[in-house]
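The primary structure of each chain is shown beneath.
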Amino acid sequence: MPTSEPPSDLALAWLLELFEYQVGDLLAGREPRGGERSVRELREHLRQSACPPPLRRRLIQADRQYSAWWQARSQAQAGAPHHPPAPDWSAPATHNAEEAAAWAELRQLAWHADLMAELHAVTQRLRQEPGQPTLRVLYAVTENAERAQRRLPTPFPVPGAGDVLVSLGNSEVVRQLARTLGDLLLLPGGAGQVWQALDRVEDNPFPPQPGDDALFAQLAAIRQRGGSPHERAQLEEALRAGAGPQSALRADPRERPLLREAAQRIRRWLARRLARAPGQLPGTVPAHSVLYAQEEASALSAPAAGDGLTMHLGGPDRLAHWQGLRLSWRSLGPNWQLLVQDETSQPVSGGQLALLRPDLPASERQLSLTVGGQQLQLLFSGDYALLRRRADAAQTRHLARLAALGRACALLLLPAEHHGRLRLARTLARRLRGDPPRAEDPASGQVAFAQTPAECLAAARRSLQRLEPLLGRFSPAQVAHEAQVAQALLHLPPHYAAQVQQAAEHAASATEPLREAATDPLTRREAGPPVLPATGHFIVFPLGPEPLEVRLPGDRLLTLRPDYRAELVAVLPGQAAVTVGDLLVLPLHDLSVVIAREGSQVALCALLPRMLEAAPQA
């Protein structure tokens, strides 16, 4: 295949002059024609072109001016972090500096804990993204922010898709990435370093590495030499193959727009979370908010109902009762030992013992406890501790949304009519998008969907995700009409049209009601694993270090446990282990089992075919 010829020196000179004018506009505070994006794209085009030496010197000078402008703007943005206004407490500011500092740090730790939980969930979901562009950009941003802390000058490029040296397909690597990024954001000035790293990656996802100058000089020589385009293309390919894995020469320039869009998504996501971060300076302590506080104005007379309890451990009192829990503590030199016991079961015994070491780094002063079926989080600063429930509202909402998506996917994965409902959903999405029609027949899905359960689930999720934005553009009557037309084209039973429409609407907007396994009487047994009844309800189980065993209808045992890669897998007797990810549908011969996971919780549901074919539950 013939390759396109490189631009002539005259065309390069004209493009370079345009770039110089655009950089001049930016330096003068004017918006260049086409916006900043056009400046970045022109810059990348020129940097990859084989410019003759006089033009190359002009390009280097203009590029330095652009880089200086970009760095100055990034530092100005990072130097003015946004913090929400301080709450209008009714009590006056405390006069105890230690108490005020501990209160401020506990708020920081609580924000960081929520951020970490969300980061872990988001990054694991990003592993399912085709090509993982967002996760790869996030990896480069985190690596560059760390390098800035260590004052390493060489920038790290966005790794390639499937880069074995980075291993973003490994869940433990992704968990470590989330931990590193979250810890950076907790450090003083860390958010600014992450923001600057994000700016640089968005500006140039593939910065040049040491030795790239020589490689690009060889590339320019290859492009200017004689011979056929095919010969030059072979030489270029050999040069790229011999370059290092992080060399800009090996980067695919077609990925730049995709990676920049990913960087912009990360920017929007981070901006919303950083806007909720409390200030790091000590402020006021609310009235009646700290149990056994040193200041009378902020002292809490008795533990109040709520999702969190802040305690001063250094006072004369060493016992408290809160939310059915008995709390007792004692000092061990500079550390504290806290015992949490369940008071709802008599006699009170056992419990969980936690060692609080205030000298640990801030990111390590967070402990997870499970007592009496309650998942708790313990944060501490000096002689102060904050105990709160771990199941926050955001996680619960996302788990309920995942469960609704799982129910809709289970319907599409029913095998009748060669996965007719799944083929119908795909055809409906094409019709609503206005794509040209394709010739279909009732057997056209036999090969396409004769795949593993994970591949079938991925196809169902893609179809529902494509339908979600389209449902808002059309009225329900219009969607129903297009579904009926698609059903007729595929020669499927008439009721499939309504079922697929209901499933798409359910996946787009519904949340499933969740029931706790600890409080659901149908799951309890005197001995042995809990039972998952075929009621069509989602039951939530906590995940711990030990495998979770659940008895399915038909006296089948489902085991959820980590495998050798630390991935959560589902195991049924006589079947191979299947990776759960954030969502899994196990199609058995007489029922479908839906498993939705968010953080340390899983929601399980056993669905009979007749339940799926009925209207989805709201």
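Our structure's up above, just so we're on the same page.
Residues numbered from 1 in each chain as written. Predicted model: local features only at pLDDT ≥ 70, side-chain atom pairs only at ≥ 80, totals over all residues. Heavy atoms only, no water.

**Q** So what exactly am I meant to see when it comes to the pattern of salt bridges here?
**A** Proximity of charged atoms lets side chains of opposite charge pair with each other. Applying the stated criterion across every chain yields a total of 19 salt bridges. Glu129 is the salt-bridge partner of Arg265, the closest N and O atoms lying 3.5 Å from each other. On the criterion of sequence distance, the pair formed by Arg265 in helix α10 (residues 256–275) and Glu129 in the loop between α4 (97–126) and α5 (133–149) is long-range, its members being 136 residues apart. In this structure Glu129 comes out as partly exposed when scored by relative accessible area, which is 21%. (Salt bridge = Lys/Arg side-chain N within 4 Å of Asp/Glu carboxyl O. Helix = DSSP H or I, 4+ residues; strand = E, 2+ residues; numbered from the N terminus. Buried < 20%, exposed > 50% of the residue type's maximum accessible area, 1.4 Å probe, protein only.)

**Q** Can you walk me through the pairing of strand β15 (residues 568–571) in this structure?
**A** As a general feature of sheets, a regular strand has side chains that alternate between the two faces. Burial along β15 is two-sided: Leu568 and Ala570 facing one way and Val569 and Val571 facing the other are all buried. Looking at chain direction, strand β14 (residues 556–562) and β15 are connected through four bridges and run antiparallel. When the sheet's bridge partners are listed, Arg561 is paired in β15 with Val569. Counting the residues between successive antiparallel strands, the hairpin from β15 to strand β16 (residues 578–579) contains six residues, one of them, Gly574, with a positive phi of roughly 80°. (Pairing = 2+ DSSP bridges.)

**Q** Is there a simple way to think about the side chain of Arg43 in this case?
**A** Among the structural elements, Arg43 can be located in helix α2 (residues 35–47). A distance of 2.8 Å separates the side chain of Arg43 from the side chain of Asp203, its partner in a polar contact. Residues contacting Arg43, with those up to four places away along its chain left out, are Phe19, Asp63, Tyr66, Ser67 and Asp203. (Polar contact = N/O pair within 3.5 Å; in protein donor to acceptor, adjacent residues only side chain to side chain. Contact = heavy atoms within 4.5 Å.)

**Q** Explain the nonpolar core to me, please; I cannot follow it from the model alone.
**A** Most often, soluble globular proteins have nonpolar side chains that are buried together. Grouped together as the largest cluster of nonpolar side chains are 47 residues, with contacts concentrated most on Leu464 and Val594. Considering each element in turn, this core owes the most residues, nine residues, to helix α11 (residues 393–412). In contact with Leu464, not counting residues within four places along its chain, are Leu405, Ala408, Cys409, Leu412, Ala503, Ala504 and Ala507. In terms of nonpolar packing, the next biggest core, distinct from the first, is built from 37 residues, Phe206, Leu259, Ala263 and Leu274 among them. (Core = buried A, V, L, I, M, F, W, Y, C linked by side-chain atoms within 4.5 Å.)

**Q** What is the right way to look at the packing of aromatic side chains in this model?
**A** Here the distance between the centres and the angle between the planes together describe a pair of aromatic rings. By the definition in use, this model includes four aromatic pairs. Relative to Trp69, the ring of Tyr66 lies with its centre 5.9 Å away and its plane at 35°, an arrangement referred to as tilted. With a gap of three residues between them, Tyr66 and Trp69 both fall in helix α3 (residues 53–78), about one helical turn apart. There is no split in this pair, since Tyr66 and Trp69 are both buried. An aromatic cluster is present here, built from Phe19, Tyr66 and Trp69 joined pairwise through their rings. (Phe/Tyr/Trp six-rings, centres within 6.5 Å; stacked < 30°, edge-to-face > 60°.)

**Q** What am I meant to see in the sheet that holds strand β3 (residues 308–312) here?
**A** Where strands meet in a sheet, backbone hydrogen bonds hold them as pairs that are either parallel or antiparallel. As summarised here, the arrangement of the six strands in space is β2-β1-β3-β10-β9-β8, forming an open sheet in which the pairing is mixed. Looking at the sheet topology across the chains shown, the edges are occupied by β2 (299–300) and β8 (366–371). Where strand β1 (residues 290–291) meets β2, two bridges bridge the pair, whose relative direction is parallel. Among the inter-strand pairings, Leu291 is bridged to a residue of β2, identified as Leu300. In the packing of α4 onto the sheet, the strands contacted are β1, β3, β8, β9 (374–381) and β10 (384–389), and the crossing angle to β10 comes to about 30°. (Axes fitted to C-alpha atoms, helices over the stretch in contact; angles between N-to-C directions.)

**Q** For this particular structure, what's the right way to read the environment of Pro207?
**A** As for its placement among the helices and strands, Pro207 is situated in the loop between α7 (190–203) and α8 (212–224). Of the residues examined, Pro207 reaches a relative accessible area of 9% and is grouped as buried. Taking C-alpha positions, Pro207 is 8.9 Å from Thr154, a pair spaced 53 residues apart along the chain.

**Q** Just checking my understanding: could you explain the pairing of strand β19 (residues 601–607) for this structure?
**A** Burial runs high along β19: seven of the seven residues are buried. In β19, alternate side chains face the same way, and those of Gln601, Ala603, Cys605 and Leu607 on one face and Val602, Leu604 and Ala606 on the other are all buried. Where strand β12 (residues 538–542) meets β19, four bridges bridge the pair, whose relative direction is antiparallel. Counted as the bridge partner of Phe541 is Val602 from β19. Pairing analysis gives seven bridges linking strand β18 (residues 592–598) to β19, with the strands arranged antiparallel. Its bridge partner lying in β19, Ile595 is registered against Leu604. With antiparallel pairing between neighbouring strands as the criterion, β18 and β19 make up a hairpin whose turn holds two residues, including Gly599 at a positive phi of roughly 65°.

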